[in-house]
Amino acid sequence: MIIVYMNLFSGINQNTDFPSFGYSEVPGGKPLLGGGSLGISKLT
Amino acid sequence: MASLPWFAENAFKPLNDHLKELVFNYPQLILDHFSIVKGTPFAVPLDPSIQMLFYRKDIFQDSMVKRMFYEKHKQELKPPVIFEEYNRIAQFFSEDFSTANMELQGTCVTTGNTEIIASEFLLRYYAESGSLFQSNNKIGLDKDKALKAFKTYFDSLNQALNLSANWWDALLNLSKEMWL
């Protein structure tokens, strides 16, 4: 079992050398969000 | 992303109509966290993601493994919903599936980066209904909940393959035999 951000896992999940993976909500049911936000500076 | 509400209005231009059209294809939950501040879209979500639990479905569905787990814990083997279960299942795989030739761990943890360690801790802290804001809106941890979160984190480290890498790549490059 591992707990990881789902975008990082997408590569291995498509690797046909691996057996099938299951997935579920994290224990506790309160996952952290990952990623970022891309904005345009007021100074540009 | 987490700090977007604090600086978006001062640092960013509101999105123009073309970019608004782009971001409104995202679900509202994503927009609320990654784009919109006080009703105005200021940013485009970049690689938004969420923590999830992944496991070897073939092993969790193996009738012999399920029987062994039941004999040991008198519980059905299924994806854990609390961290005590998570640690129990990890311990089961680590202790009962290792052989003289190969030591296996029921889970893996990356410990070479404080950002990742914080991510693991906060996941467990929030699972205890912890908040980063205490009375009078002061930033801090609830001591009792933080101690419980640390305990489940340290317990998991004892069952886990500890990777000293500074990002998750090492974990994702493990062989399939390590994925229990």
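Just above sits the structure.
Residues numbered from 1 in each chain as written. Chains lettered and ligands numbered in written order. Predicted model: local features only at pLDDT ≥ 70, side-chain atom pairs only at ≥ 80, totals over all residues. Heavy atoms only, no water.

Looking only at helices and strands, one finds nine helices and five strands in chain B. What you see for chain B is a C-alpha radius of gyration of 21 Å, clearly larger than the 16 Å of a compact globule of 180 residues, by over 25%. Expressed as lengths along the three principal axes of its C-alpha atoms, the size of chain B is roughly 60 × 40 × 30 Å. Taking as baseline every contact in chain B between residues at least 6 positions apart, the subset at least 24 positions apart corresponds to 55%. With the model as given, the accessible surface of chain B reaches about 10400 Å², and the carbon-plus-sulfur share is 54%. Where the 18 positive side-chain charges of chain B centre and where its 22 negative ones centre are 4 Å apart. (Helix = DSSP H or I, 4+ residues; strand = E, 2+ residues; numbered from the N terminus. Rg over C-alpha atoms; globule rule 2.2 N^0.38 Å. Contact = heavy atoms within 4.5 Å. Areas by Shrake-Rupley, 256 points an atom, 1.4 Å probe, with all protein chains shown as cover. Lys, Arg positive; Asp, Glu negative; His and termini not counted. Charge placed at Lys NZ, Arg CZ, Asp CG, Glu CD.)

Here we take up the interface of chain A and chain B. At the interface, 36 residues of chain A touch 55 residues of chain B. Of the roughly 4600 Å² buried at the junction of chain A and chain B (both faces included), carbon and sulfur atoms supply 65%. Summed over the three residues of chain A that lose the most area to chain B, namely M1, I2 and I3 of chain A, the buried surface amounts to 19% of that side. Our count for the chain A to chain B interface comes out at zero salt bridges. Between chain A and chain B we count 23 residue pairs in polar contact (both at pLDDT 80 or more) in total. (Buried area = accessible area lost by both parts, 1.4 Å probe. Salt bridge = Lys/Arg side-chain N within 4 Å of Asp/Glu carboxyl O. Polar contact = N/O pair within 3.5 Å; in protein donor to acceptor, adjacent residues only side chain to side chain.)

Here we take up the environment of Y5 of chain A. By secondary structure assignment, the location of Y5 of chain A is in strand β1 (residues 2–5). For Y5 of chain A, a relative accessible area of 9% translates into the label buried. As for Y5 of chain A and L33 of chain A, which are separated by 28 residues in sequence, their C-alpha atoms are 8.0 Å apart. Of the polar contacts made by the side chain of Y5 of chain A, one reaches the side chain of S119 of chain B; its length is 2.9 Å. (Buried < 20%, exposed > 50% of the residue type's maximum accessible area, 1.4 Å probe, protein only.)

This paragraph deals with the packing of aromatic side chains. Residues and elements named next belong to chain B. One pass over the structure, following the stated rule, counts 11 aromatic pairs over all chains. With a centroid separation of 5.0 Å and an interplanar angle of 85°, the aromatic rings of F69 and F92 are classed as edge-to-face. One end of the pair, F69, is in helix α5 (residues 63–73); the other, F92, is in helix α6 (residues 83–96), with 23 residues separating them in the sequence. Their ring planes at 45° and their centres at 6.2 Å tell us that Y125 and Y126 sit as a pair that is tilted. (Phe/Tyr/Trp six-rings, centres within 6.5 Å; stacked < 30°, edge-to-face > 60°.)

Residues and elements named next belong to chain B. The end-to-end C-alpha separation of helix α7 (residues 114–127) is 20 Å, in line with the 20 Å expected for 14 residues at 1.5 Å each. When α7 is considered as a whole, its buried residues turn out to be I116, S119, E120, F121, L122, L123, R124 and Y125. The opening residue of α7, the one whose side-chain oxygen lies 2.6 Å from the backbone nitrogen of E115, is N113. A positive phi of about 65° marks S129, the residue just after α7. (Expected span 1.5 Å × (residues − 1).)

Everything listed here is a matter of coordinates, which is why it stays silent on function.
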